[in-house]
There are 2 protein chains.
Amino acid sequence: MKIVIDGFGGDNAPLDVLLGAAMAVKEYNVDIIVTGDENKLKDMAKEHNISLDRIEIVHAPTVIPVEEEPSLIVRKYKDCSMSVGLYKLRNDEADAFVSAGSTGALIVGATTVVGRIKGIKRAAIGTVVPTLAGEHDSYLLIDAGGNSECRPEMLAQFAVMGSAYMNKILGRENPRVGLLNIGTEETKGLELQVNAYQILKKSPVNFIGNVEGRGLPLCECDVAVTDGFSGNIALKITEGMAISFGKKLKKIFKKNMLTKMGALCVKDGIGEIKELMDTSKAGGAPILGLKKPVIKAHGNSNPEAFKNAVRQAILCVEQNVSGEISQSLEKLNIETKETNTEPIEQ
Amino acid sequence: MKIVIDGFGGDNAPLDVLLGAAMAVKEYNVDIIVTGDENKLKDMAKEHNISLDRIEIVHAPTVIPVEEEPSLIVRKYKDCSMSVGLYKLRNDEADAFVSAGSTGALIVGATTVVGRIKGIKRAAIGTVVPTLAGEHDSYLLIDAGGNSECRPEMLAQFAVMGSAYMNKILGRENPRVGLLNIGTEETKGLELQVNAYQILKKSPVNFIGNVEGRGLPLCECDVAVTDGFSGNIALKITEGMAISFGKKLKKIFKKNMLTKMGALCVKDGIGEIKELMDTSKAGGAPILGLKKPVIKAHGNSNPEAFKNAVRQAILCVEQNVSGEISQSLEKLNIETKETNTEPIEQ
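Going along each chain's sequence as written, the residues are numbered from 1 onward. As a convention, the first chain written is A and the first ligand written is 1, with the rest following in written order. Totals for whole chains, interfaces and linings use all residues, but because this is a predicted model, local features are given only for residues with pLDDT of at least 70 and pairs of side-chain atoms are given and counted only at 80 or more. Water and hydrogen atoms play no part in the side-chain values, which are based on all heavy atoms of the structure.

J.: Looking at this structure, how should I read the overall build of chain A?
T.: Helix and strand definitions follow DSSP, with helices as H or I runs of at least four residues and strands as E runs of at least two, each counted in order from the N terminus. In terms of helices and strands, chain A carries 13 helices and 11 strands. Radius of gyration here uses only the C-alpha atoms, and the compact-globule reference equals 2.2 Å multiplied by the residue count raised to the power 0.38. Relative to its length of 346 residues, chain A is compact, with a C-alpha radius of gyration of 21 Å against a globular reference of 20 Å. The principal-axis extents of the C-alpha atoms in chain A amount to approximately 65 × 60 × 40 Å. Only protein chains enter the accessibility calculation, which uses a 1.4 Å probe; a residue is then buried when its area is under 20% of its type maximum, exposed when over 50%, and partly exposed in between. By residue count, 55% of the 346 residues in chain A fall in the buried class. Contact criterion: two residues are considered in contact whenever any of their non-hydrogen atoms come within 4.5 Å of each other. Partitioning the intrachain contacts of chain A with sequence separation of at least 6 by distance along the chain shows that 71% fall at a separation of at least 24. The accessible surface values rely on the Shrake-Rupley method and a 1.4 Å probe; as for residues, cover is taken only from the protein chains in view. For chain A, the exposed surface amounts to about 14,700 Å²; the carbon and sulfur share of it is 48%. Counting rule for charge: Lys and Arg are taken as positive, Asp and Glu as negative, and neither His nor the chain ends is counted. Where a charge lies is defined by one atom per residue type, namely NZ (Lys), CZ (Arg), CG (Asp) and CD (Glu). Positive and negative side-chain charges of chain A, numbering 41 and 44 respectively, have mean locations separated by a distance of 4 Å.

Structure (structure tokens):
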């Protein structure tokens, strides 16, 4: 197994990429390629005493100007660290790709270079969002920000993609798929949701109907399907709420001697919340719908996060998530075709 | 001052309406009208020993079938408790209206019966959302679910409406208006956000640019402007997160003797969070853009919540929020007109 990592993607690149890569080699018995300026990477490895055993550095000289339009990056800069990584994946010189670079650049780049699974209309970001209440401790939000504008059949495909991921990677059997909406009734929402509902109803996924925003943190579904605009809002509000609760709790516990004692009494529980909410544990968000696994690591990934993104990439390869999506998609297409010949109930 | 309350709106009507009305009379030196089935209301008051001093019961015999389409309620049932209340307001027999009934019915009904301020394209729900971190302890989300589909000029009007409310009712000087979006750059978002940004930039409100979902719980703006679809998702995710944190904290604190002791040590702080997150304190959400104040109380309002909704209604009358919106709207129209003759910067 060989995983290629974008050496210059993310706020803490390239140092944390190298550190994470070295950790992954040790823990997962995997070969790693790191792309980027060869001299800089090698110097940094030397300087920080990072072993390059089983880590291959592949030169990618171009540095992207900060102001560059993300959607053009991979097309315009074939020699940047992201492009070189994507081409390694495309040319079968690696099994999966991890990058903490620009989400927009990565989705467009991966779609162009690696390609979508046959029949998939759009690749989408699936983010595993931690939850503190409900049946499980997380759900998958898809699309979490890739495609701001979507058509109903795209949402149905997101459902298929998300179900395959939750089943294969998180072992969630027959994952419950909810359509994020402003009410539970079948007729709620914009045209997008109303029409997506009809397709989902007849799709091969375990569709449980509309789920309101309130149901997401309570884990009322395993896969929450939505367009990238609402998905981004949902995800960021969740993050903001977690941060604000964390800040408030800290303030409460640090107030005086008594409250500090209180903090000690519930140390384990608070630690559990922190661990659940720790994004570096999750690794990254898979970009689903592509022929081969691509993982978007968080922009502020630390070595642990990069290591976990590699673990996630390995799992996607081993579990053949792309193959599973491809198979489910055939079922969706057959069932949707049948749907199309029937009168649509409204 | 006379406030009319929908006697049969909400899960706990009519008992909690009557109890809340009686509390409001005592606390705010106000006259109240309660609409609904006269016999039922009077019997209930008698049975629960609720004084009807300064409370007038106005008969509204019709009960709405549960399956009725909300948007048709006020048009079809002129004798239901909501309609009768709205007509009292329209005919100057009351100064403001409070209802915990269906949001959809109330917005359509209020728009039809009470009418919009001249020039306002749509009435919108403004919900004061509590925050645990940031400069203030709340922000106004508008539209929080009234109009799923919006045009850019509607968002600009929401900004004007929200600013007037936050300034007049919550005393927030020069409230910071943020456009809820998926990135901070001017070009981010769908066509709606991109175009709304250009209008807001030149509007009379204190526009601080795009705000991401993460910024809302951190109170990065005082007024968060968005369409009703995203607004509903944002609001419900916030609610769900608050509930899930509450559940988790309860679990942590109730685990064993030690953690129970911990709970005692931080009792005040936790109480503070609970109070901040208590929706009954806030009263209800104003429906802004109408000629006269209409307050949507939460569906599960208790007597305290009804009382606070009445307080809110009184404040809206005293502070003449509708008049303030009307004045700001004129400025917006002048500035937008000027904008229209200029080339739009992109």
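The structure having been displayed, the exposition proceeds.
J.: Explain a nonpolar patch on the surface to me, please; I cannot follow it from the model alone.
T.: Patch definition: residues above 30% relative accessible area lacking any salt bridge, with like charges linked at up to 9 Å and the nonpolar side chains Val, Leu, Ile, Met, Phe, Trp and Tyr linked at up to 5 Å. For this analysis, a salt bridge means a side-chain nitrogen from Lys or Arg found within 4 Å of a carboxyl oxygen belonging to Asp or Glu. There is a patch of nonpolar side chains on the surface, built from L258 and M261 of chain A together with L258 and M261 of chain B and spanning about 360 Å² of accessible area. Among the secondary structure elements, those contributing two or more residues to the nonpolar patch are α9 (257-265) of chain A together with α9 (257-265) of chain B.

J.: How should empty space enclosed by the protein be read in this particular structure?
T.: Remark: the empty space left among the atoms is shown by a probe the size of a water molecule rolled over them. Using protein atoms alone on a 1 Å grid, points that fit a 1.4 Å probe yet trap it form a cavity, whereas open point sets bounded by protein on both sides within 12 Å along at least five of seven lines form a pocket; residues with an atom within 4 Å of a point count as lining. Grid points are joined across faces, edges and corners, and a volume is the space filled by probe spheres set on the points. As enumerated under the stated definition, the model contains two cavities of 30 Å³ or more in all. Approximately 80 Å³ is the volume attributed to the largest cavity. Those elements that place two or more of their residues in the lining of the largest cavity are β10 (284-288), β11 (294-297) and α13 (321-341) of chain B. Residue classes follow a fixed rule: Ala, Val, Leu, Ile, Met, Phe, Trp, Tyr, Cys and Pro count as nonpolar, while Asp, Glu, Lys and Arg count as charged, and any other residue, Gly among them, counts as polar. Residue composition of the lining of the largest cavity, by class: 11 nonpolar, two polar and one charged. Within this model, the second largest cavity holds a volume of roughly 70 Å³. I287, L288, P293, V321 and S322 of chain A are the residues nearest the centre of the second largest cavity, which is lined by 13 residues in total. Of all elements in the fold, only β10 (284-288), β11 (294-297) and α13 (321-341) of chain A reach the threshold of two or more residues within the lining of the second largest cavity. When the residues that make up the lining of the second largest cavity are grouped by side-chain class, the tally is 10 nonpolar, two polar and one charged.

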